[in-house]
Amino acid sequence: MNNVNGILLIVASMAAFSLEDMFIKHLSVTVSTGQIMLVLGVFCGFLFVLMSLATRKRIFDPFAWKLLPMLRAGAEGIAALTFVTALSLVELSTVAAVFQALPLVVTMGAALFLGEQVGWRRWSAIGVGFVGVLMIIRPGLEGFQPESLLVVATVVGIAARDLITRRLDARVASSVVALQAYVSVALVGAGAMLFLGQPVAPLQTAQIGPYLGAVGFGVLGYYGIVKAMRIGEASALTPFRYSRLVFSITAGMLMFGERPDAVTIFGATLIIGSGMYTFLRERRLAKEMAIAA
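So, a few notes on the structure that sits alongside this text. This is a predicted model, so every value here is computed, not measured. In this numbering scheme, every chain counts its residues from 1 along its sequence in written order. Given that this is a predicted model, residues contribute local features only at a pLDDT of at least 70 and side-chain atom pairs are listed and counted only at 80 or more, while totals for whole chains, interfaces and linings are drawn from all residues. The side-chain quantities take in all heavy atoms of the structure and omit both hydrogens and water.

Considerations on the overall build of the chain
And then number 1: What counts as a helix is a DSSP run of H or I of at least four residues, what counts as a strand is a run of E of at least two, and both are numbered from the N terminus. Helix and strand counts for the chain come out as twelve helices and zero strands.
And then number 2: Taken from N to C terminus, the helices and strands of the chain fall in the order α-α-α-α-α-α-α-α-α-α-α-α.
And then number 3: We take the radius of gyration over the C-alpha atoms and set the globule estimate at 2.2 Å times the residue count to the 0.38 power. Relative to the compact-globule value of 19 Å for 293 residues, the chain shows a C-alpha radius of gyration of 19 Å, a close match.
And then number 4: Considered along the principal axes of its C-alpha atoms, the chain spans approximately 60 × 55 × 35 Å.
And then number 5: The burial tally for the chain puts 47% of its 293 residues in the buried class.
And then number 6: Whether two residues are in contact is decided by their heavy atoms: any pair within 4.5 Å suffices. Counting only contacts in the chain whose residues sit at least 6 apart along the sequence, the fraction spanning at least 24 positions is 87%.
And then number 7: Using a 1.4 Å probe, the Shrake-Rupley method yields the accessible areas, and only the shown protein chains count as cover for residues. Carbon and sulfur atoms make up 70% of the accessible area of the chain, which totals about 14700 Å².
And then number 8: Taking the 22 positively charged and 15 negatively charged side chains of the chain as two groups, their mean positions are separated by 10 Å. Remark: exposure states derive from per-residue accessible area (1.4 Å probe, protein chains only) relative to the maximum for the residue type, with buried under 20%, exposed over 50%, and partly exposed in between. Charged-residue counts in this description rest on Lys and Arg as positive and Asp and Glu as negative, His and the chain ends being excluded. Throughout, a charge is located at the NZ atom of Lys, the CZ atom of Arg, the CG atom of Asp or the CD atom of Glu.

This is how it looks when you write it as structure tokens:
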């Protein structure tokens with residue numbers, strides 16, 4: 001295992017995802033969310049078709065098109081719709097801060113739906129993390145944006161996707177799973193345009209760069225994570241996923257003039273702190289179980 005290179009790849013991937021989010025938010029000023037999803041789904045999906053063919057993976061492997069992979073792709077598509085919509089309406093730094101609650105929701109979902117044992121310490125950490133989320137979105141208080149609840153819906157959708165991923169057949173190639181996800185994103189985007197009456201925005205010269213940036217950095221981010229997990233240990237790499245918040249806040253400040261207030265920063269700190277505690281606790285329990293075995 002090469003943890004140093006793995007950590008560098010994880011950090012680079014988080015930077016790439018933050019740049020993808022930045023380009024999507026920039027596009028959302030002139031392009032509907034459905035059209036953004038449709039374009040990203042088609043082009044990113046095409047790139048993963050090429051990747052699957054280049055690595056000789058079976059795109060139409062029967063194991064890849066059963067109910068579970070389809071449910072995963074559906075969760076991805078719905079989460080993408082709420083996420084892109086949130087990016088168009090809410091500050092990038094706020095979206096990124098709430099999104100850091102994902103590991104906590106995954107832990108909670110694993111306990112509730114997969115039967116994994118979660119003790120009172122980790123439940124307490126989950127509670128503290130949710131307090132951080134409430135501090136950021138501030139329901140019922142001045143400054144509350146109902147649109148910020150879309151980020152919470154995104155976290156739930158992505159958590160469902162990750163929990164389903166744990167049950168996928170190992171024989172299904174990662175590139176095929178990614179292809180299915182982007183096909184779902186494209187279909188949900190087309191559906192949003194059709195059923196919500198979103199207009200088609202003609203391609204403008206100024207939009208070419210942001211489109212290329214969103215597609216390119218999205219694919220690079222995904223590839224970097226896959227590569228990192230193959231060369232490094234998950235226990236060493238996971239904490240560095242939180243670097244995405246730093247990159248997103250920086251991008252929001254430089255590109256959109258955002259200035260996160262102290263309450264938002266403190267709420268994000270609670271989320272990251274509780275997430276780190278949950279991660280460290282899970283790693284310690286795993287070591288204890290390994291010694292006992």
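Section: the packing of helix α3 (residues 67–89) against helix α7 (residues 149–165)
And then number 1: Close contact between α3 and α7 brings their axes to 8 Å; oriented N to C, the two are set at 160°. Classed by the angle they form, the pair α3 and α7 counts as roughly antiparallel. Crossing handedness for the pair α3 and α7: left-handed. Facing α3, whose interface residues are Leu68, Leu71, Arg72, Ala75, Glu76, Ala79, Thr82, Phe83, Thr85, Ala86 and Leu89, α7 presents Leu150, Val151, Ala153, Thr154, Gly157, Ile158, Arg161, Ile164 and Thr165.
And then number 2: In this classification, the charged set is Asp, Glu, Lys and Arg, the nonpolar set is Ala, Val, Leu, Ile, Met, Phe, Trp, Tyr, Cys and Pro, and all remaining amino acids, among them Gly, are polar. Residue composition of the contact of α3 with α7, grouped by class: twelve nonpolar, five polar and three charged. A fitted line through C-alpha atoms represents every axis, and for helices the fit uses only the stretch in contact; the resulting angles, taken between N-to-C directions, go from 0 to 180 degrees. For classification purposes, an angle smaller than 35 degrees is called roughly parallel, one larger than 145 roughly antiparallel, one from 65 to 115 roughly perpendicular, and anything else oblique. Helix crossings get a hand from a simple test, with the near helix turned counterclockwise from the far one by less than a right angle marking a left-handed crossing and a clockwise turn marking a right-handed one.

Looking at the pattern of salt bridges
And then number 1: Here, a salt bridge means any Lys or Arg side-chain nitrogen found within 4 Å of an Asp or Glu carboxyl oxygen. Here the structure, examined in full by the defined rule, presents eight salt bridges.
And then number 2: Among the salt bridges present, the one from glutamate 76 reaches arginine 161, with a minimum N-O distance of 3.1 Å. Linking glutamate 76 in helix α3 with arginine 161 in helix α7, this pair joins segments that are 85 residues apart in sequence.
And then number 3: Given the relative accessible area of 17%, arginine 161 is considered buried.
And then number 4: Where arginine 171 meets aspartate 169, a salt bridge forms, and the shortest distance between an N and an O atom there is 2.7 Å.
And then number 5: Assessed through its relative accessible area of 27%, aspartate 169 is described here as partly exposed.
And then number 6: Residues joined by salt bridges that share partners form a network here, namely Arg72, Glu76, Arg161 and Asp162.

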